[in-house]
Amino acid sequence: MGVSQSAFREVNWSRLRTQVQETNPDVQDPLDVAAILESLGWTDRRVEESFGYPDIFHAAEDLYNDIRRNLEQSPLPIKVTITARALLLSVIRDIGHGLTFTLPMIVSVAAMITLHISFASYQFFSVANATAIALATFLSFLTTGGFTQAMTNIYYVLSGMQKVQEIEATVFLVMRWAMGVTFAFAALVVVGDFVFPIMPESLVILMILYMVLLSMMWLAFTGLYILRREYFLTFITAAAIAVAYFLHRRGLPVEWAQAVAMGLASLLGLGTSLVLFRRRTRGFQALTGVFKTRLAQLAHGASPYFIYGLLYFVYIYIDRLVAWSSQTTYLPYNIWFRGQYELGMDWSLMALFLPLSVAEVLISSVMRRLEAMEHRLRLRSREEMVAELRQVYFIRLGIFVAVSVLGVLLTQLLVKFVAPLPLFRTSVPVRGVEPFVFAWSSWAYVLLSVGIFNILLLFTLSHPRPALRVLGYGIIGDLVIGVLATQFLNGYQFAVMGLVGSAVFLAAYSTQVVLRLLPQMDYFLYRLT
C-alpha cells in the first residue's frame, strides 16, 4: 500500500512539473515556481496533503531543483543553421531598428535647438516655471519608468508563450495602473505642498499638469516602441512639436501650446497602439487573457524590469537634482533650475544616439554565439568554453566602446560646426559652465554605455539581481560624489563629477560581474533553452 501511494505521488509530481514548465518554460528561481503554483490554485494545505511539504515555498524549491536537473539531462536541441544572407539581413534589420529607436529623440532635440520648443522644453519660460517643468519631467519618469519597462517585458513574455490574444488587455491594464499611480502621486504632491509649502501654488499646479501629460505620453509611446513602430512615433513627435510651435507663434502661451501638443501626442500614440494591437490579435478569440494568465505570475516575472526602469531614470536625473539643489548661491526655493547645466547635459545626451542604435545588434550577436556554443558544450572542456566566451564578450564590448567614443567625437564636431551659425547662437554649449558640463558628461556617458551594455546582457541571460545591484550602487555613488563636489569646489556645475565617478564605477563593476558569471554560462545556456 505504501509503494502504491509513493508511486501515485511520483506521478502527480511529474504532472505538476510538466504543468509548471508549460505555464512558464523559463522559470528563474523557486519564487517564480511558487508564483506559478499559486496561480494554478495550489495552497500550503494542498501541497502538504498531496506531497507532504510544510508550505508552498518548500515544494517550489524542490520542484525548481527538479526542473533544473531535467534540463541538464535533456538532449541538446537540433542545431539550426543560419545562412550568411539571413544573418546579414538580420544584422541590417537590427541596426535599422536601433536607428529608428533614436529618431524620435533626435527630432525632439533638434526641434528644441532650432525652434527652441519641444515637449516640456525650458526655453521661453521664466526660471521659476522652468523649475516646475524640469521637476515634472523627472516625476513623470519616476511614476511611469518602471511600468514602461514592465510592459515591454510582459509583451515579450506573452508573445513568446504564443498568448497573442492576451497582449492587448494585459498591456493596457498595466497602462491604467501606471496612470492610477501617477494621479495618486500628483494628489500626494498637492497635499504635501499644502502642509509643507515648497513652491507657490501656481508652480505646483503647472508641475502637476505637465507631470500628468508627460506620463500619459510616455505610456502611449511605449506601446509603439514594443510593437517596433518607431517611425509612427517619429511622425507623431514631429507633428505634435509642429502644433506647439504653430500655436505659440500664434500667440498662445508656451505652457498651453506644449500642453496641447502633449495631449495630442498622447491621443495619437494611444490610438495608433490600439489599432496595431487589434491588427496583431485579429483572428484570435476575445481578449479575456488577463484572467487566463494570472497577474501574480506576470507581476513576479516583470518585477526586476519594473525596478530597473525606476532605478535607471533616477540615475539619469540624480546629478541634475544635485545641481538644481546645490546651495552654492542664493536660491529662491530649495530647488532651482540651472539652464546652463541642462544645456550641457542635453548636448551630451546626443552622443548616446549612436551607441543606442547598435546596442541591440551587438546583444543579439552575443546571444547567437551562445546558441552556437550550446551545441559544442559537451564536446569541449569547460576552460576552453570560458576562454571563448571571454573573447566573444570583449570583442562585442570593444566594438560598443568604439561606437560610443565615435558618438562623442561626432557630437563635439557638430557643436564646433554649428556654434558660429546665428540659428544656434543661444543653443550651443560654448559659454560659462556649459562646455565644462558638456565635455565631462559626454565622456561619462561613454562609460555609462558600457555599464548599460553589461546590464542589458545580464537581463538577457535572466540574471537581473546583480544588474539591479550595480545600478543601485551607481545611484548612491552619483549622489554622494555630486554633493561633496558641489560643496567643496563651490559650484553647482561640479555635480557632473558625480555622474563621472559613478559611470567609472558602473563600467568597472558591471564588467567584473559579467566576467564572474562567464564560468557559470553552461547553466545559463540550459536556462535559456
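Since this is a predicted model, take the numbers as computed values, not measurements. (Residues numbered from 1 in each chain as written. Predicted model: local features only at pLDDT ≥ 70, side-chain atom pairs only at ≥ 80, totals over all residues. Heavy atoms only, no water.)

Once that is clear, we can look at the packing of aromatic side chains. All told, the structure shown has 18 aromatic pairs when counted by the stated rule. Relative to Tyr509, the ring of Tyr473 has its centre 6.1 Å away and its plane inclined at 40 degrees; by these criteria the two rings are tilted. One end of the pair, Tyr473, is in helix α16 (residues 464–488); the other, Tyr509, is in helix α17 (residues 496–517), with 36 residues separating them in the sequence. Under the relative-accessibility criterion, Tyr509 is labelled buried at 16%. Through a chain of ring-to-ring contacts, three or more aromatic side chains come together here, namely Phe138, Phe141, Trp218, Tyr305, Tyr308, Tyr312, Phe313, Tyr317 and Phe459. When the ring centre of Trp42 is taken as reference, the NZ or CZ atom of Arg46 above it lies at 3.8 Å. Here the basic side chain of Arg338 rests over the ring of Tyr492, its NZ or CZ set 4.5 Å away from the ring centre. (Phe/Tyr/Trp six-rings, centres within 6.5 Å; stacked < 30°, edge-to-face > 60°. Helix = DSSP H or I, 4+ residues; strand = E, 2+ residues; numbered from the N terminus. Buried < 20%, exposed > 50% of the residue type's maximum accessible area, 1.4 Å probe, protein only. Lys NZ or Arg CZ within 6 Å of the ring centre and 35° of its normal.)

Before going further, it helps to examine α16. Across its 25 residues, α16 extends 36 Å between first and last C-alpha, which sits within 8% of the 36 Å expected from 1.5 Å per residue. Residues Pro464, Pro466, Ala467, Leu468, Val470, Leu471, Gly474, Ile475, Asp478, Gly482, Ala485 and Thr486 constitute the buried set of α16. Phi turns positive one or two residues past the end of α16, at Asn490, with a value near 55 degrees. (Expected span 1.5 Å × (residues − 1).)

Within the secondary structure, Ser442 is located in helix α15 (residues 434–460). With a relative accessible area of 1%, Ser442 lands in the buried category. Spatially, the C-alpha atom of Ser442 lies 9.3 Å from that of Val500, the residues being 58 residues apart in sequence. Sequence-distant contacts of Ser442, defined by excluding residues within four places in its chain, comprise Ser348 and Val408. (Contact = heavy atoms within 4.5 Å.)

Moving on, we get to helix α9 (residues 230–249). Between its first and last C-alpha atoms α9 spans 28 Å; for 20 residues at 1.5 Å apiece the expected length is 28 Å, and the two agree. Within α9 the residues assigned to the buried category are Glu230, Leu233, Thr234, Ile236, Thr237, Ala240, Ile241 and Ala244. Projected down its long axis, α9 shows its buried positions confined to an angular sector of 165 degrees, all on one face. Turned more than 90 degrees away from the buried face of α9 sit Phe235 and Arg249, all of them exposed. Looking at the residues trailing α9, positive phi occurs at Gly251, about 105 degrees. (Arc of directions from axis to C-beta.)

Treat this as a map of the structure, not an account of what it does.
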